[in-house]
Amino acid sequence: MEAFKYRWHQLPISRQLLVLVNAILFGFVVLFLVVDYRVRMDRHLNEKQIALTEEAKTMYESLLVAEPHGGEAIQNLVDNVCARMNTDDSPGHHIAADWRGLPYQAVSHGHASDEMLLAMRSAADSTLARSNATGALVVGSFTGSAGTVYISEKRSAVVGATRRSLLIQMFGVLLLGGITAFVVSAVLRQLIAKPIQGFVSALRSVAAGDLSVIARTRSCRELSYLADQINSMTEALDHAQRDHRVHMEKARQIQQNLRPTVNGLVGIDVAELFEPADDVGGDYYDVIPLSDGQYLLCVADVSGHGVPAAMAATLLKAFVSEAAKKSSSPAQILTDVNERYCEYVMMGHFATMTLLVVDPNRRRLTYANAGHEFPFLQIGREAPVRLNVGDLILGVEEDTRYSEETIQLGDTARLVLVSDGVTEAFDPSEEQYGTERIEQLMNTVKRCNARELVEAFESSIETFRKGRKAFDDTTLLVAQLT
């Protein structure tokens, strides 16, 4: 039953209306035919009984005329009349009489018998038989002073003739019912099903992002009201979407204005790639000049993306800028940032961050990491290595203390900092970009500036994706000593 209900509810409204309307009309037609059959059958049987009674009365009068000529004349009259009736219009017709105490039956057709006469007497005396509800015979009788005349007809012959006329009528009624069902179904489809299908199509277009669609109908007041409500909803959504686009564009411009300036730095060449998955992103990168010609490089990634992640990333920028004024130690900066982040950001909005302090004059690098992708370091012509010292992500424990490591750099060195939007980029076959491709590209593209290396990475990632849309923010920061 549940499976039937499910399949029924999955049918389009046009088919549901077609089935329901036709089923109701078919039920009414069948009920009408059954009742009409019963009524007409009873009427025909009653009419037949009345006709037989009138015939019995006429036969009685004829027997009175034949009586003076003797019993043989009476028998001949009964035989002749019955034979003529059987031959012409009433097969199964039988005449019998109780006349002056003597029984007479038509013998010309071979139906005469004591049992037949007894059945006719019983049928004539039975109130139930007169109602023609049951019995094999329909009997009409007339009783006078000389006796009683019985005239019978087989009930099957009367019923058969009546059924033939009823079948013709039934065919006409069914044909008329079919035409009516077709007309009603067509009207319901035009007035109800077609407008609703139009509404469904309009709503599907709205769901797909097309807010220019307009629902129309001239069916009835209720459906016209529904069309007006759909159009009002679509118009409201269009206004809301336009407002959303305006606000998101302003938010994007604000985030773009917060990006650092990487041109004109002394002793270091920096370039970046920043592609939010939405209008705004949760990735954050920064290049902050420190005292003694040092630079603080930062890349962070807030969980999620969109407006909430962008707001948290903006807070991180403020926290890093404030902490960098107090200390040039990456570990201390991370410790201060984590403390402030736990204080102001809602629990569950975690973030990863890597901080590197580059000293171009002393050719020295100090770094700390809070659960972020390990940076890539390439010194001279050596193979790239990962800076794999790291601690807990930001926003988990307020009293976390971070560690740092210092590395002496050579005359030439370059750093590549990425977010997981780079290493976890997917191609159409669900393969990840990974870290090996980054190392291979660093080995392949050696004699170039930071911007050229970033462009090489951008081309490599775009080729790898093969047109697949990025599902996460993509951030890449390249820095190399000059």
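Preceding block: the structure.
It should be emphasised that the depicted structure is a prediction, and the values quoted were computed from it without experimental measurement. (Residues numbered from 1 in each chain as written. Predicted model: local features only at pLDDT ≥ 70, side-chain atom pairs only at ≥ 80, totals over all residues. Heavy atoms only, no water.)

A. Geometry of the layout of surface pockets. What the largest pocket holds in volume is close to 270 Å³. Q378, G380, R381, T412, A413, R414, K446, R447, C448, Q480 and L481 together form the lining of the largest pocket. Going through the elements one at a time, β13 (413-418) and β14 (474-481) are the ones with two or more residues in the lining of the largest pocket. Residues that form the lining of the largest pocket fall into these classes: three nonpolar, four polar and four charged. (1 Å grid on protein atoms, 1.4 Å probe; cavity = no way out; pocket = protein on both sides within 12 Å on 5 of 7 lines; lining within 4 Å. Points joined across faces, edges and corners; volume = space filled by probe spheres on them. Helix = DSSP H or I, 4+ residues; strand = E, 2+ residues; numbered from the N terminus. Nonpolar A, V, L, I, M, F, W, Y, C, P; charged D, E, K, R; others polar.)

B. Examining the environment of F142 more closely. Summarising the element assignment, F142 is placed in strand β3 (residues 137-143). Relative accessible area serves as the criterion here: at 25%, F142 is assigned to the partly exposed category. When the C-alpha atoms of F142 and E54 are compared, they prove to be 8.0 Å apart, with 88 residues separating the residues in sequence. If we skip the residues at most four places from it in the chain, F142 touches A56, K57, Y60, G147, T148 and V149. (Buried < 20%, exposed > 50% of the residue type's maximum accessible area, 1.4 Å probe, protein only. Contact = heavy atoms within 4.5 Å.)

C. Structural detail: the pattern of salt bridges. Under the definition given, this model contains 14 salt bridges. E272 is the salt-bridge partner of R259, the closest N and O atoms lying 2.8 Å from each other. Note that R259 is positioned in the loop between α7 (221-257) and β5 (268-275) and E272 in strand β5, a separation of 13 residues in sequence. Residue classification places R259 among the partly exposed residues on the basis of a relative accessible area of 26%. Residue K317 pairs with D286 through a salt bridge whose shortest N-O separation is 3.0 Å. Residue K317 is located in helix α8 (residues 307-324), and its partner D286 is located in strand β6 (residues 283-289); the two are separated by 31 residues in the primary sequence. With a relative accessible area of 3%, D286 lands in the buried category. Several salt bridges share partner residues, and in doing so they unite R259, E272 and R451 into one network. (Salt bridge = Lys/Arg side-chain N within 4 Å of Asp/Glu carboxyl O.)

D. Focus on empty space enclosed by the protein. Summed over the entire model, instances satisfying the criterion amount to four cavities of 30 Å³ or more. Its boundaries defined by the atoms lining it, the largest cavity holds a volume of some 120 Å³. What lines the largest cavity is simply Q255, L258, R259, P260, F274, D283, Y284, Y285, A310, A313, T314 and K317. Elements that contribute at least two residues to the lining of the largest cavity include exactly β6 and α8. Broken down by element, the lining of the largest cavity gets its largest block of residues, four residues, from α8. In terms of residue class, the lining of the largest cavity is built from seven nonpolar, two polar and three charged. If you add up the space inside the second largest cavity, you get close to 60 Å³. Residue lining of the second largest cavity: G421, E424, A425, F426, R465, R468, K469, A470, F471, D472 and T474, and that is the complete set. Here the residues of the lining of the second largest cavity are counted per class, giving four nonpolar, two polar and five charged.

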